[in-house]
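# Structure at a glance
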Amino acid sequence: MPSSEPSSGYSVASESGRRSQTSPRSSESHRTLDNVRDEVAHGIALRAITKATIVDGAKISVYFTFSKKNDDVFLRRVAEIIRTRIFSRHLFAIGTTGPPSPTSSTNTNTLIITGADDDDVQRAVLLFSSKFLGRVASVTNHGNFLVAAVHDVGGSSYDCAALWDVLSKSVRAPLDPLSPPPGSRSIDQLVTAARARLQRVTPRQAWEILHDPTYPIPAFLVDIRPASQRARSGGIHGSLIIERNDLEWRFDPRSEARLAIADRYDLRIIVYCEDGHASSLAAAALHDVGSLNATDMVGGFEAWKAEGLSGQIKPPSTQSESGTWEALSQPSPLSD
């Protein structure tokens, strides 16, 4: 008789164990593809929220995920989850990248911009369209969110940076049009900062450098003035004429439009303009492309004339008969 009790207890325990083991499997078997997609949508929404930064009191975030079937529906669900999780002002851009979804009839990826404020979304629509010219196949505006079909979105670092910029500018508080925006600098501040990077030379020092046969590195005097100023004021015989909008392309050794002489980074490039202001900004720009010996001439062409230095030519002729100013014969790198 006693032997039957354990047998009965074992039978009950085994049945209970079978119920506890089969219950999770039964639950798993009822999960559908929609359940899985919804879990993924929740995960993406939470990652986008975690990634958010605050601009003028509004949360903004950009997040890309790989393209999936029915991108439009899927991203709408992500946007809906974001709106239910954030009750404060926000503006998010959520998009798909990679090969477009097989269901896409336009061979595009989907981007949704969603926010709590309709005006923020409308500003984002306009800025987004201007940032992605020629790539937006369609935009559907739904008030507090928009759905866009975009060619090859998220494939480059530009796309992500551009979207962050769109969101940031869309949520910024209105500024007093007469007050300088935060982070901006006046032109005087820009010139001062540029000159702090340079070892500027006087016209006399420039003349001596150019006429010193023992000077250790190649030195060039570069006239960046526009043609109208050269025609009106004259110029310095032997200087290279490279107008301001071409300067960096001509002296960057990595540029396909560089001059033949610009094959090294240690050139002594002495830039001058009419009065010595624009030349400081131009020389600092050459530092940015690696020409750290570049500088400008204090006082510009006016100071050269006042010093009475030789080499001055009379207007309106501004071109060397010997063709020394080789930069004139080359097309502008910006002419395309």
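What you are looking at is a predicted structure, and each value in this text was computed from that prediction instead of being measured.

Throughout the structure, instances matching the rule amount to 17 salt bridges. Arg225 is the salt-bridge partner of Glu274, the closest N and O atoms lying 2.9 Å from each other. Here Glu274 is found in the loop between strand S10 (268-272) and helix H10 (278-288), whereas its partner Arg225 is found in the loop between strand S7 (219-223) and helix H8 (227-233), with 49 residues between them in sequence. Of the two residues, Glu274 and Arg225, neither departs from the other in class, the shared state being buried. One salt bridge connects Asp266 with Arg264, and the closest N-O pair in it is separated by 2.5 Å. We classify Asp266 as partly exposed; its relative accessible area is 26%. Within this structure, Asp38, Arg77 and Glu80 form a network of salt bridges that share partners.

On to helix H3 (residues 71-85), then. Helix length check: H3 (15 residues) gives 21 Å between terminal C-alpha atoms against 21 Å at 1.5 Å per residue, within 8%. Buried within H3 are the following residues: Asp71, Phe74, Leu75, Val78, Ala79, Ile81 and Ile82. Down the axis of H3, the buried set is contained in an arc of 160°. They therefore lie on one face. In the core, the buried residues of H3 are packed alongside helix H2 (33-51), strand S3 (90-97) and strand S4 (109-115).

By the secondary structure assignment, Arg268 is in strand S10. Side chain to side chain, Arg268 and Tyr215 meet in a polar contact 3.5 Å long. Here Asn293 takes part through its backbone oxygen, which lies 2.8 Å from a polar atom of the side chain of Arg268. Setting aside its immediate chain neighbours within four residues, Arg268 contacts Gln199, Val201, Ile209, Tyr215, Ile217, Pro218, Ala219, Phe220, Asn293 and Thr295.

On to the environment of Asp38, then. Following the sequence through the fold, Asp38 ends up in helix H2. Given the relative accessible area of 26%, Asp38 is considered partly exposed. Once the C-alpha coordinates of Asp38 and Val78 are considered, the two residues, 40 residues apart in sequence, prove to be 8.5 Å apart.

Calculation criteria
Residues numbered from 1 in each chain as written. Predicted model: local features only at pLDDT ≥ 70, side-chain atom pairs only at ≥ 80, totals over all residues. Heavy atoms only, no water. Salt bridge = Lys/Arg side-chain N within 4 Å of Asp/Glu carboxyl O. Helix = DSSP H or I, 4+ residues; strand = E, 2+ residues; numbered from the N terminus. Buried < 20%, exposed > 50% of the residue type's maximum accessible area, 1.4 Å probe, protein only. Expected span 1.5 Å × (residues − 1). Arc of directions from axis to C-beta. Contact = heavy atoms within 4.5 Å. Polar contact = N/O pair within 3.5 Å; in protein donor to acceptor, adjacent residues only side chain to side chain.

Shape descriptors only; they carry no functional weight alone.
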